[in-house]
Amino acid sequence: MSTRTLVSPLALARPRGRAVYWTVFGGVVLLFALAFLFPVYWMVTGAMKSPDEVTRTPPTLLPQQWHLGGYTDAWDLMDLPTHLWNTVVQATGAWLLQLVFCTAAAYALSKLKPAFGKVILGGILATLMVPAQALVVPKYLTVADLPVLHTSLLNSPLGIWLPAVANAFNLYLLKRFFDQIPRDVLEAAEIDGAGRLRTLWSIVLPMSRPVLGVVSIFALVAVWQDFLWPLMVFSDTDKQPISVALVQLSQNIQLTVLIAAMVIASIPMVVMFLVFQRHIIAGISAGSTKG
């Protein structure tokens, strides 16, 4: 069956058709690249301008004089190493707990077929219909006075880790991927004497690397960019993540220094995306095919 396209193969076979096609294609790609990359360029170069130049109208495309002191001032004045480390600890803990508990729950719902499994899954998915803002107050009251234990998790990384575990979207994403794993593979493992935990560890998880990569990125980015919840949990400035610290410490800071701090804070996420972009594409494509 032939595939219909906007440009016919006959038109592409002609020199003029190929020239028009690649010109339009290159122009569209260039426009999209500029739309995404220009704000990044503007932020990086804005930190290298003088305070007067960065607020000048009309703005300058290139700094008249390149000042790198904004980055060093941001690193020292805003105590970025401390807040970046706080963010790494909070994001790493939330990521590990999500992988452990969401993977275990998704595997149980997908392959172990527990009693009332569909009802439990329906209840989990129903939480996606509740606005996140409506859950802030109940979460805060729970974290401030943990039921049964009657202890407070405020100003503790556990106040970020435990609520992050209950991620219905990532759990459903994992379950849908596990549903596509052929039952024959699991039955072969059972015949070889592997238990359910060994099957999960040795068979299911190695086959699930693409979706685990996608879930990992979602988990890390969600904690790294979150602002409202860490602001409520951490009243101690020394324990705040970078997203909260940038706002709390920006009152008496020059605009160029603040822009430089934003650039530094965004570098880890950009690097993570560049390193794991193959996993994102593989996870998306893996979730769209039947195994």
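What counts as what
Residues numbered from 1 in each chain as written. Predicted model: local features only at pLDDT ≥ 70, side-chain atom pairs only at ≥ 80, totals over all residues. Heavy atoms only, no water. Helix = DSSP H or I, 4+ residues; strand = E, 2+ residues; numbered from the N terminus. Contact = heavy atoms within 4.5 Å. Core = buried A, V, L, I, M, F, W, Y, C linked by side-chain atoms within 4.5 Å. Buried < 20%, exposed > 50% of the residue type's maximum accessible area, 1.4 Å probe, protein only. Patch = residues over 30% accessible without salt bridge, like charges linked within 9 Å, V, L, I, M, F, W, Y side chains within 5 Å. Areas by Shrake-Rupley, 256 points an atom, 1.4 Å probe, with all protein chains shown as cover. Salt bridge = Lys/Arg side-chain N within 4 Å of Asp/Glu carboxyl O. Phe/Tyr/Trp six-rings, centres within 6.5 Å; stacked < 30°, edge-to-face > 60°.

Engineer: Where do I start with the environment of Phe 38 in this structure?
Structural biologist: Relative to the helices and strands, Phe 38 resides in helix H2 (residues 15-46). On a C-alpha basis, the gap between Phe 38 and Leu 62 in space is 12 Å, while along the polypeptide they are 24 residues apart. Sequence-distant contacts of Phe 38, that is, excluding residues within four places in its chain, are made with Ala 33 and Leu 61.

Engineer: Any chance you could explain the nonpolar core here in plain terms?
Structural biologist: Note on soluble globular proteins: their nonpolar side chains tend to be buried together. By size, the foremost hydrophobic cluster in this structure holds 32 residues, and its most contacted members are Tyr 71, Leu 80, Ile 242 and Leu 246. The set of elements that each furnish at least two residues to this core consists of helix H4 (69-77), helix H5 (80-112), helix H8 (158-165), helix H12 (209-225), helix H13 (228-233), helix H14 (242-248) and helix H15 (255-286). Per-element accounting of this core gives the leading share, 9 residues, to H15. In contact with Leu 246, not counting residues within four places along its chain, are Met 78, Leu 80, Leu 258, Ala 261, Met 262 and Ala 265. Membership of the second largest hydrophobic core comes to 17 residues, among which are Leu 121, Ile 181, Val 204 and Val 215.

Engineer: Looking at this structure, I do not really get unusual backbone geometry. What am I missing?
Structural biologist: Trans peptide bonds make up most of the peptide bonds, and negative phi angles are found at most residues other than glycine. Here Thr 57 and Pro 58 are connected by a cis peptide whose omega angle stands at 0°. Inspection of the secondary structure puts Pro 58 in the loop between helix H3 (51-54) and H4. One non-glycine residue with positive phi stands out, namely Lys 113, at about 50°. Positionally, Lys 113 belongs in the loop between H5 and helix H6 (117-126). Under the relative-accessibility criterion, Lys 113 is labelled exposed at 60%.

Engineer: Mind showing me how you'd approach a nonpolar patch on the surface here?
Structural biologist: A surface patch of nonpolar side chains, about 620 Å² in accessible area, is lined by Val 20, Val 24, Val 28, Phe 32, Phe 36 and Leu 37. Locating Val 20 in the fold gives a position in helix H2.

Engineer: What is the right way to read the packing of aromatic side chains from this model?
Structural biologist: The description of an aromatic ring pair uses the distance of the two centres, along with the angle that the planes make with each other. The final tally for this structure, using the stated rule, is 5 aromatic pairs. Seen in terms of ring centroids, Phe 38 and Tyr 41 are 6.1 Å apart; in terms of plane orientation they differ by 40°. Their pairing is tilted. Placement of both Phe 38 and Tyr 41 in helix H2 is noted, with a separation of 3 residues, approximately one turn of the helix. By relative accessible area, Phe 38 is classed as partly exposed at 39%. Residue class for Tyr 41 comes out partly exposed when judged on its relative accessible area of 29%.

Coordinates in, geometry out; function isn't part of it.
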